[in-house]
Amino acid sequence: SLEEALCTWASLRMQTLWRTVDGICGAYANALEILAHYQEIFESQRSLRSSVRQRLQVLVAMQQYAKFADPESPGFSPNELQAVEAMFSAFGDFLSIAYI
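Residues numbered from 1 in each chain as written. Predicted model: local features only at pLDDT ≥ 70, side-chain atom pairs only at ≥ 80, totals over all residues. Heavy atoms only, no water.

### As for the pairing of strand β2 (residues 95-98)
Residues L95 and I97 of β2 are buried on one face, while the alternating residues S96 and A98, pointing to the opposite face, are not. Pairing analysis gives 4 bridges linking strand β1 (residues 58-61) to β2, with the strands arranged parallel. Among the inter-strand pairings, A61 is bridged to a residue of β2, identified as A98. (Buried < 20%, exposed > 50% of the residue type's maximum accessible area, 1.4 Å probe, protein only. Helix = DSSP H or I, 4+ residues; strand = E, 2+ residues; numbered from the N terminus. Pairing = 2+ DSSP bridges.)

This is the structure in structure tokens:
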């Protein structure tokens, strides 16, 4: 939708975390695909991507995640939770979140 496209556009320009995760997931996944293509024999492009997914994990530390993601918490923020869920849908193959 237009709203989602605008949020993504704004995130890529204003949020350093989104840009960093986007750059890491895009660049490293692409590099690992190229490397795996030349080093190993895969039956299909799907098995190549599966191999890359197994080898690349991006761990993001979000100290406030527990507060804004818990509906019972006074710090609950549906907007921030939606932004994190958008990151998971965009980079879910590689992304994990660590929080306190």
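Let us keep going from here.
### Some words on the packing of aromatic side chains
Under the counting rule described, the total for this entry stands at 3 aromatic pairs. Ring centres of Y65 and F68 lie 5.6 Å apart, and the angle between their planes is 85 degrees; this geometry places the pair in the edge-to-face category. Pair noted here: Y65 and F68 are both in helix α4 (residues 65-69), with a separation of 3 residues, about one helical turn. We classify Y65 as buried; its relative accessible area is 16%. (Phe/Tyr/Trp six-rings, centres within 6.5 Å; stacked < 30°, edge-to-face > 60°.)

### Concerning helix α5 (residues 78-91)
The first and last C-alpha atoms of α5 sit 20 Å apart over 14 residues, in line with the 20 Å expected at 1.5 Å per residue. Within the sequence span of α5, burial applies to L81, V84, M87 and F91. Looking down the long axis of α5, one finds its buried residues gathered within 115 degrees of arc, a one-sided arrangement. Residues N79, Q82 and S89 are exposed on α5 and point more than 90 degrees away from its buried face. The inward-facing, buried residues of α5 contact α2 (16-39), α4 and β2. (Expected span 1.5 Å × (residues − 1). Arc of directions from axis to C-beta. Contact = heavy atoms within 4.5 Å.)

### Here's the deal with the packing of α2 against helix α3 (residues 45-55)
With their axes 9 Å apart at the nearest point, α2 and α3 run at an angle of 120 degrees to one another. When the axis of α2 is compared with that of α3, the two are oblique. For the element pair α2 and α3, the recorded crossing hand is right-handed. Every residue of α3 that contacts α2 at A29, L32, E33, A36 and H37 is listed here: Q45, L48, R49, V52 and R55. Its residues assigned to classes, the contact of α2 with α3 shows 5 nonpolar, 2 polar and 3 charged. (Axes fitted to C-alpha atoms, helices over the stretch in contact; angles between N-to-C directions. Parallel < 35°, antiparallel > 145°, perpendicular 65-115°, else oblique. Left-handed = near helix turned anticlockwise from the far one by under 90°. Nonpolar A, V, L, I, M, F, W, Y, C, P; charged D, E, K, R; others polar.)

### Looking at the pattern of salt bridges
If you walk through the whole model with that rule in mind, you get 1 salt bridge. Between D93 and R53 there is a salt bridge, with the nearest N and O atoms lying 3.1 Å from each other. Linking D93 in the loop between α5 and β2 with R53 in helix α3, this pair joins segments that are 40 residues apart in sequence. Classification of R53 by relative accessible area gives partly exposed; the value is 35%. (Salt bridge = Lys/Arg side-chain N within 4 Å of Asp/Glu carboxyl O.)

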